[in-house]
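# A structural walkthrough
Residues per chain are reported as follows:
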Amino acid sequence: MRKLSWWTGPRAITQEVRHRRISWLELLSDLVYVIIIHQLTTGVIDDLSWSRLGIFILLFLVFFRNWVSMVQYFDRHGDESLRTMTFTLLHIIAITVVAIYIPDVYAGHLTPFLGAYLVNQGLLTYIWLSTGIYDVGHRPAAFTYNIAHDVGLVVIVAGLLMPSLQGQITSLVVWVMIDMVTDLLMIPIEDREHRIRHLDYAISSSLIERYGQFTMIILGEALATLVELSHEHLTWAFLLSLLDIICIWGIYYTSMDNLNIQIRRYADTLKYAYFNLLIIMSLFLHVLFVSRLLEANTSLNRLGLVVSILMLVGLLYGFNLFLNHNFSRDLQRVFGWTDAAATLLVIGWLVVNPHWFQPLIIMTLFVLTITKLMWQERRRELPTE
């Protein structure tokens, strides 16, 4: 049993906490992302163009990867010490300051954002570096991770010194790429550490809950945006959009129910993380285009809605197929046919009269949701293959 003092190093990776519950500190940390998601959405809801959509996706990746970094830190090294509380609160303050400058990014002014993000990322870099300082056996992994992130910090500094907006955007893109490539570099290092120190790979229940909680933040933003765009009037378009979000919620949570995820190597943990990244991004894009359709029934908004549905349905099926050991062959066959039929119908509705587009989309999503709900209970009873 690990003894905690008022100020102690991060929990060693060997000191696994089984059946860990999400702490109040983690809930507070997630609360900040309610504001961040709102800032990201409002930046494109009134004026959507291909360039703004690109900025939206880039900023989402920047903030989501930041969130994942702290989630993983809590899952592997977090504890109830004063040190953990102090650095978590400092991170909350730092990322909140970064969120202030999101509108500036949409307006074409990246310098304040990059400056604030540099401070935030410097803090995160030290937090992860400290895991190797206090845990000698973890140093190869911690130091390799931080070397890559030190290069990322240099890239952000270079972006601050660039006079052109395009150069600053490029620096942010390069930073995201470095962050993701680092995950691949960590595969052999993490596998070696787990083998030498006899560590087990696992996706904790608290980690699954954190991803589910972030999804709830996205869907909560959807409801808040729809209410805001209704302009205090109950309309048919508002009701359709509301039904859309409810159906998407049903499709997501029935697909993510009764999970049995078995991790054998570090690459499997990355597979889990990146499936979740793409699923949540498709949800976020869906929220964006549902909200846009409430404002204007344009071809771009209809196409965006269809693409987001295709992404979400396909990714959820792939997640279960490659990671969920409770996804039996019967379920693969049933969900495969229903998902394929739904996606074909969704694509087909692009050519119908625009006035019928959203009602037909809702009808398709509703039938798909009901089908998944009907199989939800049976899924629990089917044997694992």
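Anything mentioned here points back to the structure above.
Nothing here was measured: the structure is a model prediction, and the numbers come from that model. (Residues numbered from 1 in each chain as written. Predicted model: local features only at pLDDT ≥ 70, side-chain atom pairs only at ≥ 80, totals over all residues. Heavy atoms only, no water.)

### Focus: the packing of helix H9 (residues 236-255) against helix H11 (residues 299-323)
What counts is decided by this rule: Under this scheme, a helix contributes an axis fitted over its contacting stretch, all axes are lines through C-alpha atoms, and angles between N-to-C directions fall in the 0 to 180 degree range. Note on conventions: DSSP H or I runs of at least 4 residues are helices, E runs of at least 2 residues are strands, and numbering of each starts at the N terminus. Any angle that falls under 35 degrees is termed roughly parallel, while one over 145 is termed roughly antiparallel, one within 65 to 115 roughly perpendicular, and all others oblique. If you view the pair so one helix is near and one far, a crossing is left-handed when the near helix is turned anticlockwise from the far one by less than a right angle, and right-handed when it is turned clockwise. Should any heavy atoms of two residues lie within 4.5 Å, those residues are counted as being in contact. Each residue gets one label: Ala, Val, Leu, Ile, Met, Phe, Trp, Tyr, Cys and Pro are nonpolar, Asp, Glu, Lys and Arg are charged, and the others, such as Gly, are polar.
Where H9 contacts H11, the axes come no closer than 10 Å and their chain directions differ by 15 degrees. In terms of their interaxial angle, H9 and H11 are classed as roughly parallel. At the point where H9 passes H11, the crossing takes the left-handed sense. Judged by residue contacts, Asp244, Ile248, Ile251, Tyr252 and Ser255 of H9 engage Leu305, Leu312, Leu316 and Asn320 from H11. Its residues assigned to classes, the contact of H9 with H11 shows six nonpolar, two polar and one charged.

### Structural notes on the pattern of salt bridges
To keep things clear, this is the line we draw: Salt bridge criterion: a side-chain nitrogen from Lys or Arg within 4 Å of a carboxyl oxygen from Asp or Glu. Categorising residues by exposure relies on relative accessible area from a 1.4 Å probe, with only protein chains included: less than 20% of the type maximum marks a residue as buried, more than 50% marks it as exposed, and the intermediate range marks it as partly exposed.
Taken as a whole and assessed by the stated rule, the structure comprises eleven salt bridges. Arg65 is the salt-bridge partner of Asp179, the closest N and O atoms lying 2.8 Å from each other. Of this pair, Asp179 sits in helix H7 (residues 165-196) while Arg65 sits in helix H2 (residues 50-77), and the two are 114 residues apart along the sequence. For the pair shown, Asp179 and Arg65 are each scored as buried.

### Section: the packing of helix H1 (residues 24-45) against helix H8 (residues 205-229)
When two helices pack together, their arrangement is given by the angle between the helix axes and by the axis-to-axis distance. Axis separation between H1 and H8 bottoms out at 10 Å; the angle between their running directions is 40 degrees. Our classification of the angle between H1 and H8 gives oblique. The crossing of H1 and H8 is right-handed. Contacts from Glu26, Leu27, Asp30, Tyr33, Val34, Ile37, His38, Thr41 and Ile45 of H1 reach H8 at Arg210, Gln213, Phe214, Ile217, Ile218, Glu221, Thr225, Glu228 and Leu229. Class assignment for the residues of the contact of H1 with H8 results in nine nonpolar, four polar and five charged.

### A word on the environment of His149
Tracing the backbone through its elements, the reader meets His149 in helix H6 (residues 139-161). For His149 and Gly122, which are 27 residues apart along the polypeptide, the C-alpha to C-alpha distance reads 8.9 Å. In this structure His149 touches Gln121, Thr125, Trp175, Asp179 and Thr182, once residues within four positions along its chain are discounted.

### Some words on unusual backbone geometry
Notably, His198 is not glycine yet its phi reads approximately 55 degrees, a positive angle. Turning to its location among the elements, His198 is positioned in the loop between H7 and H8. Since its relative accessible area comes to 70%, His198 is described here as exposed.

### A closer look at the environment of Ile203
With respect to the element layout, Ile203 can be found in the loop between H7 and H8. Judged by relative accessible area, Ile203 falls into the buried class, the value being 15%. When near neighbours in sequence (up to four residues on either side) are disregarded, Ile203 contacts Ile208, Ile261, Ile263 and Tyr272.

### Overview of a nonpolar patch on the surface
Note the following rule: The patches described consist of residues with a relative accessible area above 30% and no salt bridge, like charges being joined within 9 Å and nonpolar side chains (Val, Leu, Ile, Met, Phe, Trp, Tyr) within 5 Å. The Shrake-Rupley method, run with a 1.4 Å probe sphere, supplies the accessible areas, and residue values consider only the shown protein chains as cover.
Taken together, the side chains of Leu28, Leu31, Val34, Ile35, Leu82, Met85 and Leu89 define a hydrophobic patch exposed on the protein surface, amounting to about 570 Å² of accessible area. Looking at the nonpolar patch element by element, the count peaks at four residues for H1. Mapped onto the elements of the fold, Leu28 is located in helix H1. The class of Leu28 is partly exposed, set by a relative accessible area of 38%.

### Topic: helix H3 (residues 82-100)
Residues spaced three or four apart along an α-helix face the same direction, because each turn holds 3.6 residues. As a reminder, the rule being used: The length a helix should cover is 1.5 Å for every residue beyond the first.
Between its terminal C-alpha atoms H3 stretches 27 Å, which fits the 27 Å expected from 19 residues at 1.5 Å a residue. For H3, every residue scored as buried is listed here: Arg83, Thr84, Phe87, Thr88, His91, Ile92, Ala94, Ile95, Val98 and Ala99. Of the surrounding secondary structure, the elements contacted by the buried residues of H3 are H1, H2, helix H4 (102-106) and helix H5 (111-134).

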